[in-house]
Amino acid sequence: MGRWHGLGEVPADQGRSVVTIGVFDGVHRGHARIVRAAADRARELGLRSVAVTFEPHPDEIIRPGAPPPLLTTARRRAELLEELGVDAVLVIPFTPEQSREPADEFVRRVLVDALRARHVIVGADFRFGDRSRGDVGLLAELGDKYDFTVEGMPLVADSGAGADTITSTLVRADLDAGDVEAAARALGRPHRVEGVVVRGHQRGRALGFPTANLESPAHSAIPKDGVYAGWLVADTDRFPAFRWPAAISIGTNPTFDGVERTVEAYALDRDDLDLYGEHMAVDFLARIRDTLKFDSIEALIEEMHRDVARARDLTSTES
């Protein structure tokens, strides 16, 4: 398995390959269909498969100051792409110069010279090159010129009549609405927020519910404020393959007149965890309730007990 950051890390002896290209933020079910198709085609042809993606998100460069909330970190995205069966993931640094690169030059430099593409699979809405002028039709024309074939795959719609096409934008809208179940259907797995556990006000511990306060990367896609059921997840030296049912709170702690928005997870029935400094994640299963301001600490604690009971019920039916 190869994971290359920039064209300079592509092996000099890279043979011909089957390539798929995209931002792949979220690696949702539509992305998964395309990536699996590339991996399958490569096996049929006896070639290596390569997924090409970009970091940072191109919109951060093309529309500075208004980047989209990111569904996955770069590392998580690469892991998910690898799980879909590709032999290598190439992350291309997206720069202002990259955004202005002519379509023909991008194809020659990346697909021809570096990856020696024989077949390229992309989504039907794929765009590339300066001002995103290139589309699947132009890619096919360039394939004729440079000796590779191109397949543009139809986009995937969610189940049901009149269902929306699955896109990263759709998943972000679901999360903005707090509908983590709809987001999970589109993703094919629970939405995940990652971060390093930092010290907060430690109010949860004082109330009997010690929480892990996650400091997530900038522009992370955080669901709407509220209380959720899900899991606290890690795979570190101290906590290998750790996945524990959790009640997750997102918001500003209005009962305490808080102003900073936080993501906090209480691992059910665990008060023995020292997680400070650990890289952890939360996977969201279902929304329990809105964020509320309580008239007293006692009322808050009563509600937290109900939240924990509900989170226990919900996670007990899921693997």
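Since this is a predicted model, take the numbers as computed values, not measurements.

> Even after reading the chapter, I still don't get the packing of aromatic side chains, so can you show me in this structure?
Applying the stated criterion to the full structure yields 7 aromatic pairs. Their ring planes at 35° and their centres at 6.4 Å tell us that F54 and F106 sit as a pair that is tilted. Placement of the pair is F54 in strand β3 (residues 48-55) and F106 in helix α5 (residues 103-114), with a sequence separation of 52 residues. A single burial state applies to F54 and to F106, both of which are buried. A ring pair is formed by F242 and W244, whose centres lie 6.3 Å apart and whose planes are at 20°; its orientation type is stacked. Using a relative accessible area of 10% as the deciding quantity, one classes F242 as buried.

> Please explain the sheet that holds strand β8 (residues 212-215) as it appears in this structure.
Strands belonging to one sheet form pairs held by backbone hydrogen bonds; the direction of such a pair is parallel or antiparallel. Reading around the circumference, β7-β8-β11-β10-β9-β12 is the order of the 6 strands in this closed barrel, with antiparallel pairing throughout. With direction set aside, neighbouring strand axes in the sheet form an average angle of 45°. Pairing analysis gives 6 bridges linking strand β10 (residues 242-251) to strand β11 (residues 262-267), with the strands arranged antiparallel. For A246, the partnering residue across the bridge sits in β11 and is A267. Along the sheet face, helix α8 (residues 180-187) touches β9 (226-234) and β12 (279-289) and points at about 125° away from the line of β12. Of the strands in this sheet, β9, β10, β11 and β12 are in contact with helix α10 (residues 297-316), which crosses β12 at around 100°.

> Could you clarify how one ought to interpret the sheet that holds strand β6 (residues 149-153) in this entry?
Reading across the sheet, the 6 strands line up as β1-β4-β3-β2-β5-β6 and stay open at both edges, with parallel pairing between neighbours. Pairing within the sheet leaves two strands with one partner each, and these edge strands are β1 (2-5) and β6. Going across the sheet, the axis of each strand differs from the next one's by a mean of 20°, ignoring polarity. By the bridge criterion, 6 bridges tie β3 to strand β4 (residues 88-93) in an arrangement that is parallel. Paired with T53 across the two strands is V91, which belongs to β4.

> Looking at this structure, I do not really get the domain arrangement of the protein. What am I missing?
The accessible area lost on association of the parts is a frequent measure of interface size. By the assigned domains, the protein splits into domain 1 (2-158) and domain 2 (192-317). A straight line from the C-alpha centre of domain 1 to that of domain 2 covers 36 Å. In this complex, domain 1 contributes 9 residues to the contact, which on the side of domain 2 involves 7 residues. A buried area of about 670 Å², summed over both sides, lies between domain 1 and domain 2, and 51% of it is on carbon and sulfur atoms. On the surface where domain 1 and domain 2 come into contact, there are 1 salt bridge.

Reading the values: the criteria
Every chain is numbered on its own, with residues counted from 1 as its sequence reads. Restriction of local features to residues with pLDDT of at least 70 applies here, the model being predicted, together with a cutoff of 80 or more for giving and counting side-chain atom pairs; totals for whole chains, interfaces and linings are based on all residues. Hydrogens and waters are ignored; side-chain quantities use all the structure's heavy atoms. Ring pairs are drawn from Phe, Tyr and Trp, using the six-membered ring of Trp, whenever the two centres fall within 6.5 Å, and their geometry is named by plane angle: stacked under 30 degrees, edge-to-face over 60, tilted for the rest. Under the DSSP-based scheme used, a helix requires at least four consecutive residues in state H or I and a strand at least two consecutive residues in state E, with every element numbered from the N terminus. Think of it in three bands: with a 1.4 Å probe and only protein chains considered, a residue is buried below 20% of the maximum accessible area for its type, exposed above 50%, and partly exposed in between. At least two bridges found by DSSP between two strands are what make those strands a pair. Axis definition: a line fit to C-alpha positions, over the contact stretch in the case of helices; interaxial angles, taken between N-to-C directions, run 0 to 180 degrees. In what follows, residue pairs with any heavy atoms lying within 4.5 Å of each other are defined as contacts. Residue ranges for the domains trace back to a domain assignment, done automatically or taken from a database. Reported buried area values correspond to the accessible surface (1.4 Å probe) lost by two parts on association, with both partners' losses combined. A carboxyl oxygen of Asp or Glu within 4 Å of a side-chain nitrogen of Lys or Arg is what we treat as a salt bridge.

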